[in-house]
Amino acid sequence: MSDNEFDNLNTFFKGKIVPVPDSKVSAMPPALHYGTAVFEGIRGNWNEEKGVISIFRLREHYERLLRGCKLLMLDIPYSLDELCDITIELVKKNKHRSDIYIRPLAYKSAEVVANLKLQDLAADFTLITVPFGNYLGSDTLKCCTSSWRRVDDNMIPARLKIAGTYVNSILAKTEATLAGFDEAILLNQAGHVSEGSGENIFVYSEGTLATSSLHDDVLPGITRDTIIDLAEEELGIPVVQRTIDRSELYLADEVFLTGTAAHLTPVIELDRRPIGSGASGALSKKLQQLYFEIVVGNNPKYNHWCTSVTPED
Ligand code: PMP
């Protein structure tokens, strides 16, 4: 009997779509030992009325993956178009009829031991799609300022989704949740606000919306980019990308986190202090509503961001 809830799904592995139980790696790949891999987190949102999965900003996710491949010298044998096509095919084949999470991974797959170079090491690409619901487990968040600092660009660049970097996020998330908080906010080496363990951060104060500068060790989030567009285009609220001080968060009218997994989720408390009124703010709610309509493919103006996939029967 199967002991893995995903065993009945397929995965893209070593160039083919195969059942999940057949996607096995050896003990050798450097990615397993050193985290030399880049990944993506993409959402497919089930649109019940249309009977399709709406994959949000598929190309942009693969553009970011390919930037990571460049930095880590991961020479994978697929173009941007091919990566998108493989994803659409796997989503169809897995016959999902619910919200899903799509997890591509490009990794150093060479069969070698104790080799700390990136050059000349073979790489491969694999892809999983699984049913996925609420990631953060709550509609509003109580956060803490992490005692762990965000990795600096001269250590491991935070602007790419490098697998090994996630030890930094995992230490912060673990500390936060063990202490009874929902999520951690990390400061960078200079002590400025960087981001959540898996989310970007926005601060709304006196009519101005700000998000951490891309030079403060953050991942250039695709949801971040989406929310900047929506705030400016749809609500006429300019968004400033700048360095944010920790104390600004305690004094803000609203703070929210954004991410593919997290969507847009308001932070209502930081370090046991209420933010604003201590409940979801009006701007967060408006942006959330706009965002949800778009990601399921129900706003024609933004359908260019959505790839509709009809699951196989
Ligand atoms: N920061 C970190 C560290 C993340 O892991 C994520 C999730 N990918 C984000 C921000 C948000 O990025 P995106 O909106 O592209 O999911």
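Below you will find a few notes about this structure. No experiment lies behind these values; they were computed from the predicted model shown.

The rules behind the values
- Residues numbered from 1 in each chain as written.
- Predicted model: local features only at pLDDT ≥ 70, side-chain atom pairs only at ≥ 80, totals over all residues.
- Heavy atoms only, no water.
- Phe/Tyr/Trp six-rings, centres within 6.5 Å; stacked < 30°, edge-to-face > 60°.
- Helix = DSSP H or I, 4+ residues; strand = E, 2+ residues; numbered from the N terminus.
- Buried < 20%, exposed > 50% of the residue type's maximum accessible area, 1.4 Å probe, protein only.
- Axes fitted to C-alpha atoms, helices over the stretch in contact; angles between N-to-C directions.
- Parallel < 35°, antiparallel > 145°, perpendicular 65-115°, else oblique.
- Left-handed = near helix turned anticlockwise from the far one by under 90°.
- Contact = heavy atoms within 4.5 Å.
- Nonpolar A, V, L, I, M, F, W, Y, C, P; charged D, E, K, R; others polar.
- Near = heavy atom within 4 Å.
- Polar contact = N/O pair within 3.5 Å; in protein donor to acceptor, adjacent residues only side chain to side chain.
- Patch = residues over 30% accessible without salt bridge, like charges linked within 9 Å, V, L, I, M, F, W, Y side chains within 5 Å.
- Areas by Shrake-Rupley, 256 points an atom, 1.4 Å probe, with all protein chains shown as cover.
- Salt bridge = Lys/Arg side-chain N within 4 Å of Asp/Glu carboxyl O.
- Pairing = 2+ DSSP bridges.

This model, assessed by the stated rule, comprises 12 aromatic pairs. With a centroid separation of 5.7 Å and an interplanar angle of 75°, the aromatic rings of F12 and Y78 are classed as edge-to-face. Taken together, the residues span a long stretch of sequence, with F12 in strand 1 (residues 10-13) and Y78 in the loop between helix 2 (58-71) and helix 3 (80-93) at a distance of 66 residues. Measuring from ring centre to ring centre gives 5.8 Å for Y291 and F292, while their planes differ by 65°; the resulting arrangement is edge-to-face. Residue classification places Y291 among the buried residues on the basis of a relative accessible area of 3%.

This paragraph deals with the packing of helix 2 against helix 3. Between helix 2 and helix 3, whose axes approach to 10 Å, the crossing angle comes to 125°. Put simply, helix 2 runs oblique to helix 3. You can see that helix 2 and helix 3 cross each other, and the crossing is right-handed. Facing helix 2, whose interface residues are L58, R59, Y62, E63, L65 and L66, helix 3 presents L80, D81, L83, C84, T87 and I88. Taken together, the residues of the contact of helix 2 with helix 3 sort by class into eight nonpolar, one polar and three charged.

Moving on: the site of the ligand. Residues in contact with the ligand amount to 16 residues; listed here are only the nearest, Y166, E195, I222, T223 and T260. Taking R64, its side chain carries an N or O atom lying 2.8 Å from an oxygen atom of the ligand. At the level of elements, helix 5 (222-235) and strand 14 (254-259) are the ones that each hand at least two residues to the shell around the ligand. Classifying every residue of the shell around the ligand by side-chain character gives three nonpolar, eight polar and five charged.

On the surface, W148, V167 and L171 cluster together to form a nonpolar patch covering roughly 260 Å² of accessible area. Residue position: V167 is located in helix 4 (residues 166-178).

Inspection of every chain in the model, using the stated rule, returns 14 salt bridges. Notably, a salt bridge pairs E248 with R242, separated by 2.7 Å at the nearest N-O pair. Using a relative accessible area of 22% as the deciding quantity, one classes E248 as partly exposed. Residue classification places R242 among the partly exposed residues on the basis of a relative accessible area of 32%. Between R246 and D271 there is a salt bridge, and its shortest N-O distance comes to 3.6 Å. Here R246, found in helix 6 (residues 246-251), pairs with D271, found in the loop between strand 15 (263-270) and strand 16 (273-274); they are 25 residues apart in sequence, far enough to count as distant. Three or more residues are tied together by salt bridges with common partners; here these are R57, E60 and D225.

Note on placement: W148 falls in the loop between strand 8 (141-145) and helix 4. The exposure class of W148 is partly exposed, given its relative accessible area of 37%. The sequence separation of W148 and G133 amounts to 15 residues, and the corresponding C-alpha distance is 28 Å.

Counting buried positions over the six residues of strand 11 (residues 200-205) gives five, a clear majority of the element. Where strand 11 and strand 14 come together, five bridges link them in antiparallel fashion. Bridged to F202 within strand 14 is F256. Both strand 11 and strand 12 (residues 208-212) contribute to a ladder of four bridges, which runs antiparallel. Following the sheet pairing, Y204 is matched in strand 12 by L209.

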